[in-house]
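Now for the letters of each chain:
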Amino acid sequence: MSSSNPFNLPRAHIRAQSDKIIQSQQLNSARTVASCVDTTNKLMRVDIVGGTGSHGLATEAKQDDQITKLTEIDTAIDSIDGKITAGSDDSITGDLQQNLVYGRFGGDGSLKAAKTSSDGSLITAPAGGTIITTDGTTSEQRVMILGNHNNNLRTIACGNGGQLQTEIDHSWDNTNTLINIVTAPAGATLTSTTFDLGQGVSHEIGAVEFFLTNSGTLDVEVFPEVSHNGTVWYGIVNAPTVNTSKQYTAFAQEEIGISVGHRYMRFQVTNNDGLASTDITLIAAYYK
């Protein structure tokens, strides 16, 4: 088998058969002269011409057409040699080299050729966002697991042994104002709005912190209340209260008797000064 003929085409056989057909047609188309004897024993010459009936003999015109077609076949065989070459690694090069794997892309269904690396491995890349590594740099390195952060893909970190490294990224929420600069006259008690931790919040990452502003630096006292549904409120048995005359006081939920696990909380703030009023602000903050 010739390396220039990967399909093992029988060119020599085709050419030999072509020559035989051409010679046969040439003989059939020639005028043949024969002799015969008539009834008087006289020698007569008889001309025999290729017939046009059902004897299977071709006319010169038909024979010429057959020779033309056979020549075209032979030329086509020769042209294949310049279009296909075969190497020892089963590669295909030349005019017939093609992308063999395609994928559909987008709503129009257009075809896109698949890409491979130098060793033939299929190259894949996630779509829909920029790839950003854990150190914040972009990379073309292919990764197996990605996470979506603000519509940007982030790689998932792992250790040297491949074990997954996890760290919960909690945000600090200090936007919960329960009492917003409300004046508490002498002897008056203010009731805060409801503080709702909501669902799905991890209460184990730290207690809720409360921040009290007492503008008049008067003697005030803070009492806690909890609820199972945000409507019915309960006092806490033997709960400690916060007594302070400072302008700024902070305390955690356990320090005022609210155990971890409560969702709904609110507070009563009493101005114990008998003469003056003070403006009260109470803010709740926590990691979520």
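Quick summary incoming for the structure in this document.

1. Brief notes about the pairing of strand β13 (residues 209–214)
So, step 1. Of the two faces of β13, only one is covered, namely that formed by Phe 210, Leu 212 and Asn 214; the face formed by Glu 209, Phe 211 and Thr 213 stays uncovered.
So, step 2. Sheet analysis places β13 next to strand β17 (residues 248–252), joined by 5 bridges and oriented antiparallel. Bridge assignment links Thr 213 to a residue of β17, and that residue is Tyr 248.

2. What to know about unusual backbone geometry
So, step 1. Unusually for a residue other than glycine, Ile 181 sits at a positive phi of about 50°.
So, step 2. By the secondary structure assignment, Ile 181 is in strand β10 (residues 172–184).
So, step 3. The class for Ile 181 is exposed, based on a relative accessible area of 57%.
So, step 4. Despite not being glycine, Thr 217 shows a phi value in the positive range, around 45°.
So, step 5. Mapped onto the elements of the fold, Thr 217 is located in the loop between β13 and β14 (220–227).

3. Here's the deal with the packing of aromatic side chains
When we look at a pair of aromatic rings, we describe it by the centre distance and by the angle of the planes.
So, step 1. For the structure shown, the criterion picks out 6 aromatic pairs.
So, step 2. Measuring from ring centre to ring centre gives 5.7 Å for Phe 195 and Tyr 286, while their planes differ by 70°; the resulting arrangement is edge-to-face. Here the residue Phe 195 occupies a position in strand β12 (residues 195–196), and Tyr 286 occupies one in strand β19 (residues 278–287), the gap between them amounting to 91 residues.
So, step 3. Among the aromatic residues, ring-to-ring pairing joins Phe 195, Phe 210, Phe 251, Phe 267 and Tyr 286 into one connected group.

4. Regarding the environment of Gly 274
So, step 1. Its location among the elements puts Gly 274 in the loop between β18 (264–271) and β19.
So, step 2. A relative accessible area of 65% means that Gly 274 is categorised as exposed.
So, step 3. Each C-alpha atom of the pair Gly 274 and Ala 188 lies 9.3 Å from the other, and the pair is 86 residues apart in sequence.

5. Some words on the side chain of Asn 214
So, step 1. Looking at the element boundaries, Asn 214 is found in strand β13.
So, step 2. There is a polar contact of 2.6 Å between the side chain of Asn 214 and the backbone oxygen of Leu 218.
So, step 3. In contact with Asn 214, other than residues within four places in its own chain, are Val 220, Thr 244, Ser 245, Lys 246, Gln 247, Thr 278, Asp 279 and Ile 280.

Calculation notes
- Residues numbered from 1 in each chain as written.
- Predicted model: local features only at pLDDT ≥ 70, side-chain atom pairs only at ≥ 80, totals over all residues.
- Heavy atoms only, no water.
- Buried < 20%, exposed > 50% of the residue type's maximum accessible area, 1.4 Å probe, protein only.
- Helix = DSSP H or I, 4+ residues; strand = E, 2+ residues; numbered from the N terminus.
- Pairing = 2+ DSSP bridges.
- Phe/Tyr/Trp six-rings, centres within 6.5 Å; stacked < 30°, edge-to-face > 60°.
- Polar contact = N/O pair within 3.5 Å; in protein donor to acceptor, adjacent residues only side chain to side chain.
- Contact = heavy atoms within 4.5 Å.

None of this, on its own, says anything about what the molecule does.
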